[in-house]
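Structural features, examined
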Amino acid sequence: MILKNKKVAIIGGGPGGLTLARLLQMKGAEVTVYERDADRMARVQGSPLDLHENSGLATIREAGLLEIFKNNYMPGADRTTITDPQAKVVFSDHDTDKKEDFGAEHFRPEIDRGTLRNILLDSLQPGTVVWDSHFLSMEPQGEGWRMHFKDRPRIYADLVIGADGARSKVRPYITSIKAFYSGITMLEGDIPDAETRVPEITSLLHGGKLMAFGNGKNILMGQKADGEIGFYASFKTGENRIRESGLDFSDNQQISQWFKNEYTGWSDIWHPLFENTSLPFIPRPIYCMPLDQNWEALPNTTIIGDAAHVMPPFAGEGVNMAMRDALELSESLTVNSHLSIQESIASYEETMRKRASAAAKESLENGETMHSENALTAMTRFFSGI
């Protein structure tokens, strides 16, 4: 194996990085994950993840974690409700006979991000993850890299893999290509103890996912673990408009008033979302890598997940692409057909870019549909199979 006696460093302990570490360890590679979170108890933000059969679930299966995944996913959280701005339900599949069907192409079970992270962490060898490791930079040393971390000693690795997200600090060592703004911004909020704080919304959500469309704007939300709801106000705007608006994202009343002004004509039923959010709100301009990006493979570093191909979330492909990256890169690095690490990386990157480009194109197109004037009709028809 070309990784024999090689030190592999993975920068970033999200689903992609941890999955890659698991798969490489199963093949006998020496792997260390450097994660900037202080420890595994750090709060994991974001909505639940729906894993797809040919990407996320395929990787879970290859990692030998399918049974524990089955014991920890959120049955029913993949069910969908669509409403108009007045919270009138125009589509729901909650009353359909929708059974657990692992192996089926369109079965997309949801799992809480924190739960998935713990499953992956528990699958790794002790000491694999070095917490509180804020990666700063790296420089060539011999055939590998000398890495620099904040308030930590320098560390050598033969192969560095960036799994450090959309603002990756590893990516610039590989390519100067940057992401472009999609035209859409999302304002994220979380509500703990949602059944008590926002009972009407909780009833409407019904333990699944909810999408409200109107006037080119969205509210998108999903059930999280421990009775928490995660939601996004999603809308078209200038790239820096909301961040430069002067809004205090730690002020519920100020953000609530912003919603009333921006989402004119929307029902009062949505107001408690903004009044009860656990602060701060998080503004998220949505970016995407160019669909035709390309670069020459390096002999000692590569990237996976958002670091390689950040894309809008409107096809549910982000984490699935990251986990598929982990599967394909681990296979490329451990098969006997490649003569060098660079050849393995080149093979992986060529396939990854094509696959990610198709997913990103779908995500961009879905985003346009979801923020169009006829979004409610279009999305209802899509989920109804019309």
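Rules behind the numbers
- Numbers given to residues run from 1 along each chain, matching the order in which its sequence is written.
- Reporting of local features is limited, given that this is a predicted model, to residues whose pLDDT is at least 70; pairs of side-chain atoms are given and counted only at 80 or more, and all residues count toward the totals for whole chains, interfaces and linings.
- Side-chain measures here rest on the full set of heavy atoms in the structure, leaving out hydrogens and waters.
- Being paired, for any two strands, means DSSP has found at least two bridges between them.
- Runs of H or I in DSSP of at least four residues are treated as helices and runs of E of at least two as strands, each being numbered from the N terminus.
- Angles run from 0 to 180 degrees between N-to-C directions of axes, and those axes are lines fitted to C-alpha atoms, restricted for helices to the stretch in contact.
- The salt bridge criterion pairs a side-chain nitrogen of Lys or Arg with a carboxyl oxygen of Asp or Glu, the two atoms within 4 Å.
- Whether a residue is buried, partly exposed or exposed follows from its accessible area with a 1.4 Å probe, protein chains only, as a fraction of its type maximum: under 20%, in between, or over 50%, in that order.
- The crossover handedness rule: strands pointing away from the viewer, path from first strand over the helix to second strand clockwise, crossover right-handed.
- Two residues form a contact once any of their heavy atoms are found within 4.5 Å.
- Picture the helix axis, draw a direction to every C-beta atom, and the arc is the one those directions span.
- Pairing of aromatic side chains here covers Phe, Tyr and the six-membered ring of Trp, requires ring centres within 6.5 Å, and sorts the geometry by plane angle: under 30 degrees stacked, over 60 edge-to-face, intermediate tilted.
- Think of it as a cone above the ring: NZ of Lys or CZ of Arg counts as a charge over the ring if it is within 6 Å of the ring centre and within 35 degrees of the ring normal.

On the basis of which strands lie adjacent, the open sheet formed by 3 strands has the order 8-9-10 and antiparallel pairing. Each edge of the sheet is formed by a strand with only one pairing partner; in this case those strands are strand 8 (135-141) and strand 10 (155-157). Put simply, the sheet's adjacent strands are angled 30° from each other on average, direction ignored. Pairing between strand 9 (residues 144-149) and strand 10: 3 bridges, direction antiparallel. Within the sheet, the bridge partner assigned to Trp145 lies in strand 10 and is Ala157.

One pass over the structure, following the stated rule, counts 16 salt bridges. One salt bridge connects Lys361 with Glu365, and the closest N-O pair in it is separated by 2.6 Å. On the criterion of helical spacing, the pair formed by Lys361 and Glu365 is a turn pair, its members being 4 residues apart in helix 11 (residues 341-370). Judged by relative accessible area, which is 42%, Lys361 ranks as partly exposed. Under the relative-accessibility criterion, Glu365 is labelled partly exposed at 42%.

Of all the 5 residues making up strand 1 (residues 7-11), 4 are buried; the element is thus mostly covered by neighbouring parts of the structure. Both strand 1 and strand 2 (residues 30-34) contribute to a ladder of 5 bridges, which runs parallel. Bridged to Ile11 within strand 2 is Tyr34. Assessed by its sense of winding, the connection that carries the chain from strand 1 through helix 1 (residues 15-26) to strand 2 is right-handed. As judged from the 4 bridges shared by strand 1 and strand 11 (residues 159-162), these two strands associate in the parallel manner. Bridge pairing in strand 11 places Val8 opposite Leu159.

On to the environment of Leu329, then. Residue position: Leu329 is located in helix 10 (residues 318-334). Residue classification places Leu329 among the buried positions, given a relative accessible area of 0%. The sequence separation of Leu329 and Ile111 amounts to 218 residues, and the corresponding C-alpha distance is 24 Å. Apart from residues no more than four positions distant in its own chain, Leu329 is found in contact with Leu20, Ile161, Thr302, Ile304 and Tyr348.

Turning our eyes to something else, we now look at helix 12 (residues 375-384). Residues of helix 12 that are buried: Ala375, Met379 and Thr380. All buried residues of helix 12 lie within an arc of 120° about the axis, which places them on one face of the element. Its buried side turned inward, helix 12 meets strand 4 (80-83), strand 5 (89-92), strand 13 (209-214) and helix 11.

Any aromatic ring pair is given by two values, namely how distant the centres are and how the planes are angled relative to each other. Per the stated rule, a full pass over the model turns up 19 aromatic pairs. Just above the ring of Phe102 sits the side chain of Lys70; from NZ or CZ to the centre is 5.1 Å. Sitting over the ring of Trp295, Arg353 keeps its end group 4.6 Å from the ring centre.

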